[in-house]
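Commentary on secondary and tertiary structure
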Amino acid sequence: MLVAIGSPDNVPAFLAAVKRREKVLIGFGHRVYKTSDPRSFIIRKIADEVFAVTGRDPLLGTAMALHDAALKDDYFVSRKLTPNADFWSGLIYRAIGFPMDFFPVLIAVPSVVGWVAHWRQMMLSPQGVKIWRPRQIYVGPSERSYVPFNERETVRGPGKEPSIVI
């Protein structure tokens, strides 16, 4: 999203497109944290520490402009759309050198830990728990054959090959 916005000068036009439902605002809002995501403040500070080592990402200015503009706009404030942890983590992943194709997985992995912990708590509790998330229970094959890496078939085509890390 930040790459598509480009520069801080393009933020107002982007937010106008979001209001018209032409664009999607990624990294804002959270189902649990209704007013603000406390993790976002921590991750924002970590981003500064990472940039001190890797150099400042040119998109940081765009991110800050988007952050500031959204928090001052009644449209986003009334909908409680504040930056969440994922908003800043993408800049950190980019600074570390991960390709953008990896971001969804890098964002999902920590969630899996929470889902498994929640499932374990639920399974160990004699009376169960109040929050039940059955859609997160794995229903795939119970066992699959392992194919050694050098014997696997190469899959080619658009979107099938991994990105090259530069």
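As the structure is a computational prediction, the values presented were derived from the model and not from experiment. (Residues numbered from 1 in each chain as written. Predicted model: local features only at pLDDT ≥ 70, side-chain atom pairs only at ≥ 80, totals over all residues. Heavy atoms only, no water.)

**Some thoughts on the environment of T35**
Assignment of secondary structure puts T35 in the loop between α2 (11-19) and α3 (38-54). In this structure the C-alpha to C-alpha distance between T35 and L81, which are 46 residues apart in sequence, comes to 8.0 Å. (Helix = DSSP H or I, 4+ residues; strand = E, 2+ residues; numbered from the N terminus.)

**What about the pattern of salt bridges?**
Counted by the stated rule, this structure contains five salt bridges. One salt bridge in this structure joins D37 and R39, with 2.7 Å as the shortest N-O distance. One salt bridge connects R44 with D48, and the closest N-O pair in it is separated by 2.6 Å. Of the two residues, R44 and D48 both sit in helix α3, four residues apart, roughly one turn of that helix. You can call D48 partly exposed: its relative accessible area is 38%. (Salt bridge = Lys/Arg side-chain N within 4 Å of Asp/Glu carboxyl O. Buried < 20%, exposed > 50% of the residue type's maximum accessible area, 1.4 Å probe, protein only.)

**A word on unusual backbone geometry**
Notably, R21 is not glycine yet its phi reads approximately 65 degrees, a positive angle. By the element assignment, R21 lies in the loop between α2 and α3. Classification of R21 as exposed rests on a relative accessible area of 72%. One non-glycine residue, K80, adopts positive backbone phi at about 55 degrees.

**Thoughts on the confidence of the model for the protein chain**
On average, residues of the protein chain score 84 in pLDDT, and 87% of them reach the 70 mark or higher. Within the protein chain, the element-level pLDDT minimum falls on helix α7 (residues 103-124), averaging 84, and the maximum on α2, averaging 95. (pLDDT = per-residue confidence, 0-100.)

**So, the side chain of T82**
By the element assignment, T82 lies in the loop between α5 (74-78) and α6 (85-96). Sequence-distant contacts of T82, that is, excluding residues within four places in its chain, are made with G27, F28, G29, T35, S36, D37 and L71. (Contact = heavy atoms within 4.5 Å.)

**Topic: the packing of aromatic side chains**
The geometry of an aromatic ring pair is captured by the separation of the ring centres together with the interplanar angle, meaning the angle of the planes. Across all of its chains, the model carries six aromatic pairs by this definition. A ring pair is formed by Y93 and F98, whose centres lie 6.2 Å apart and whose planes are at 90 degrees; its orientation type is edge-to-face. Assessed through its relative accessible area of 31%, F98 is described here as partly exposed. When the centroid spacing of 6.2 Å and the interplanar angle of 45 degrees are considered together, the rings of F98 and F102 count as tilted. Taken together, the ring pairs in this structure connect Y93, F98, F102 and F103 into an aromatic cluster. Just above the ring of W88 sits the side chain of R44; from NZ or CZ to the centre is 4.8 Å. A cation over a ring is seen here: R79 above Y75, with NZ or CZ 3.7 Å from the ring centre. (Phe/Tyr/Trp six-rings, centres within 6.5 Å; stacked < 30°, edge-to-face > 60°. Lys NZ or Arg CZ within 6 Å of the ring centre and 35° of its normal.)

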